[in-house]
There are 2 protein chains.
Amino acid sequence: MIKINFEINKENNIIRYQNRGMSLEQEINESNEYYLNNEIAIIYKKPTPINIVKCQENKISEAYFEAKSTTDYNGVYQGLYIDFEAKSTQSKTSFPIKNIQNNQFLHAKRIFKALGVSFFIIEFSKLNRYFILPTKLLLYFIKVNKSSSIPLSFFIKECIEINRKINPPLDYLSLIKDHLDLFLM
Amino acid sequence: MIKINFEINKENNIIRYQNRGMSLEQEINESNEYYLNNEIAIIYKKPTPINIVKCQENKISEAYFEAKSTTDYNGVYQGLYIDFEAKSTQSKTSFPIKNIQNNQFLHAKRIFKALGVSFFIIEFSKLNRYFILPTKLLLYFIKVNKSSSIPLSFFIKECIEINRKINPPLDYLSLIKDHLDLFLM
């Protein structure tokens, strides 16, 4: 469920209240809409692939969800190929790597090798903190550590924190250009 | 319908016969699979978005196709953002621009402005000829000409012809790097 909190200011305008309670997906979709409308970038969420069994003209009467072989979001920003997946954890101390599905991990590794900008947006929902985890750093973490979880300290020290704003709620793209070395080989 | 013609050679191996009769979509999908398996590029066809009305667990019992707001294919090749749509015409003399839907045209223009590599693959099916039409050239053609169709001569003179091969059937990516000026601003 998407909850949007707001307050009314002195001029009687409705002000969205810090986007508290919006789902991570909703925050990313709103940010992408902002990027599109302001000609900053074109990033779309890919539809979930569906296996259609019965269909008459435009109406589908039997179909099943299929597993995605890629990440959720991709697009272009100032000539850069952008590709990412969003994940949320309720943990206050670490992000369990198993939250990233095998096919998503494989895809992210391929994109990194093909010189795309590949990353994960990780939300620590209980802490209201958001981080960009570049696939390059994820691969580095897995190589160096035996741990099945990435501690919050790694995100704070090595990754890029996104500070939530009003509009766009999660301005992740503005942070990428200044940290390209964290993304590319 | 997809028809695949083949012949059996002296060693009793089945040899696909020049891919004759394969649909354009099938040829592109096979090429993309080749690129993926050979670590050349990661290009996927986006699933058609579907509006789900009734759904229980994994089974969808009522849904409708939605209009796409983007082109069919996108991905990454040597750091370049690749974005295109495939169109086939039965005409032997020209390609009708109205075959490109408004939302696809708008999307292609946006990608071009965002420094992505945006183009259309046009098949003249009766002639067995395939061309890459860069969005940059399409915009140029529309600006300069009042015509509602792009003549074959424009494709031959200004665009990039793809010669069909066995594997990958349509090696469109190898032609892009040498003609980047036709795609980028």
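Residues numbered from 1 in each chain as written. Chains lettered and ligands numbered in written order. Predicted model: local features only at pLDDT ≥ 70, side-chain atom pairs only at ≥ 80, totals over all residues. Heavy atoms only, no water.

## Concerning the interface of chain B and chain A
Every contact between the two is made by 35 residues of chain B and, on the other side, 35 residues of chain A. Between chain B and chain A, roughly 2900 Å² of surface is buried when both sides are summed, and carbon and sulfur atoms account for 66% of that area. Three residues stand out in chain B for area buried against chain A, namely Ile60, Phe65 and Tyr81 of chain B, and they jointly supply 18% of the buried area on that side. The tally of links from chain B across to chain A stands at zero salt bridges. (Contact = heavy atoms within 4.5 Å. Buried area = accessible area lost by both parts, 1.4 Å probe. Salt bridge = Lys/Arg side-chain N within 4 Å of Asp/Glu carboxyl O.)

## What to know about the relation of the copies chain B and chain A
When chain B is fitted to chain A, the best match, at an RMSD of 0.0 Å, comes from turning it 180 degrees and sliding it 0.0 Å along the axis. Such a combination of turn and shift is consistent with a two-fold rotation axis. Interface overlap between copies: 100% of the residues of chain B at the interface are likewise at the interface in chain A, consistent with a symmetric, same-surface contact. (Least-squares fit on C-alpha atoms with pLDDT ≥ 70 in both.)

## Section: the sheet that holds strand E4 (residues 50–56) of chain A
Here four strands make up an open sheet; going across it, the order is E4(A)-E5(A)-E5(B)-E4(B) and the pairing antiparallel. Strand pairing shows two members of the sheet lacking a second neighbour, E4 of chain A together with strand E4 (50–56) of chain B, which therefore form its edges. Shown here is a sheet whose adjacent strand axes are inclined to one another by a mean of 30 degrees, direction ignored. Direction of pairing for strand E5 (residues 59–65) of chain A relative to strand E5 (residues 59–65) of chain B: antiparallel, over a ladder of four bridges. Residue pairing across strands places Tyr64 of chain A opposite Lys59 of chain B, the latter belonging to E5 of chain B. (Pairing = 2+ DSSP bridges. Helix = DSSP H or I, 4+ residues; strand = E, 2+ residues; numbered from the N terminus. Axes fitted to C-alpha atoms, helices over the stretch in contact; angles between N-to-C directions.)

## A look at the layout of surface pockets
Reported here for the largest pocket is a volume of approximately 530 Å³. What lines the largest pocket is a set of 26 residues, and nearest its centre among them are Pro49 of chain A together with Tyr44, Lys45, Lys46 and Pro47 of chain B. Taken together, the elements giving at least two residues each to the lining of the largest pocket come down to E4 of chain A together with helix H1 (24–37), strand E3 (42–45) and E4 of chain B. The dominant element in the lining of the largest pocket, judged by the number of residues it contributes, is H1 of chain B, at four residues. Of the residues assigned to the lining of the largest pocket, the class counts are 14 nonpolar, six polar and six charged. Volume-wise, the second largest pocket comes out at about 420 Å³. Taken together, 19 residues make up the lining of the second largest pocket; nearest its centre are Tyr44, Lys45, Lys46 and Pro47 of chain A together with Ser69 of chain B. Of all the secondary structure elements, the ones that give two or more residues to the lining of the second largest pocket are helix H1 (24–37) and strand E3 (42–45) of chain A. With four residues, H1 of chain A is the single largest residue contributor to the lining of the second largest pocket. Of the residues contributing to the lining of the second largest pocket, the split by class is eight nonpolar, five polar and six charged. (1 Å grid on protein atoms, 1.4 Å probe; cavity = no way out; pocket = protein on both sides within 12 Å on 5 of 7 lines; lining within 4 Å. Points joined across faces, edges and corners; volume = space filled by probe spheres on them. Nonpolar A, V, L, I, M, F, W, Y, C, P; charged D, E, K, R; others polar.)

## A short note on the confidence of the model for chain A
For chain A, per-residue confidence averages 89 on the pLDDT scale, and 89% of positions sit at 70 or higher. pLDDT under 50 marks residues 1–20 of chain A. Its contacts with residues more than four places away, or in other chains, come to 32 contacts. (pLDDT = per-residue confidence, 0-100.)

## Thoughts on the side chain of Thr70 of chain B
Along the chain, Thr70 of chain B falls in the loop between E5 and strand E6 (73–77). A distance of 2.9 Å separates a polar atom in the side chain of Thr70 of chain B from a polar atom in the side chain of Lys46 of chain B. Those residues in contact with Thr70 of chain B, other than ones at most four positions away along the chain, are Tyr44 of chain A together with Lys46, Glu85, Gln104 and His107 of chain B. (Polar contact = N/O pair within 3.5 Å; in protein donor to acceptor, adjacent residues only side chain to side chain.)

## Observations regarding the side chain of Ser149 of chain B
Residue and element names in this part refer to chain B. Examined against the element boundaries, Ser149 turns out to sit in strand E11 (residues 149–151). For Ser149, a relative accessible area of 19% puts it in the buried group. Apart from the residues within four sequence positions on either side, Ser149 is in contact with Ser94, Phe95, Pro96, Ile97 and Phe141. (Buried < 20%, exposed > 50% of the residue type's maximum accessible area, 1.4 Å probe, protein only.)

## So, the environment of Gln26 of chain A
Summarising the element assignment, Gln26 of chain A is placed in helix H1. When the C-alpha atoms of Gln26 of chain A and Lys157 of chain A are compared, they prove to be 27 Å apart, with 131 residues separating the residues in sequence.

## Observations regarding the packing of helix H2 (residues 102–113) of chain A against helix H3 (residues 135–144) of chain A
Residue and element names in this part refer to chain A. Relative to each other, H2 and H3 sit at 115 degrees, their axes nearing to 10 Å. Crossing handedness for the pair H2 and H3: left-handed. Of the residues in H3, those touching H2 at Phe105, Ala108, Lys109 and Phe112 are Thr135, Lys136, Leu138, Leu139 and Ile142. Looking at side-chain class alone, the contact of H2 with H3 contains six nonpolar, one polar and two charged residues. (Left-handed = near helix turned anticlockwise from the far one by under 90°.)

## What about the pattern of salt bridges?
The tally for this structure, following the rule as stated, stands at 16 salt bridges over all chains. Linking Glu161 of chain A and Arg129 of chain A is a salt bridge whose minimum nitrogen-to-oxygen distance equals 2.8 Å. In this pair, Glu161 of chain A sits in strand E12 (residues 160–162) while Arg129 of chain A sits in strand E10 (residues 129–134), placing the two residues 32 residues apart along the sequence. Its relative accessible area of 26% is what places Arg129 of chain A among the partly exposed residues. Residues Lys45 of chain B and Glu25 of chain B are paired through a salt bridge, measuring 3.9 Å at the closest nitrogen-oxygen approach. Of the two residues, Lys45 of chain B is situated in strand E3 and Glu25 of chain B in helix H1; the sequence distance between them amounts to 20 residues. Its relative accessible area of 41% is what places Glu25 of chain B among the partly exposed residues.

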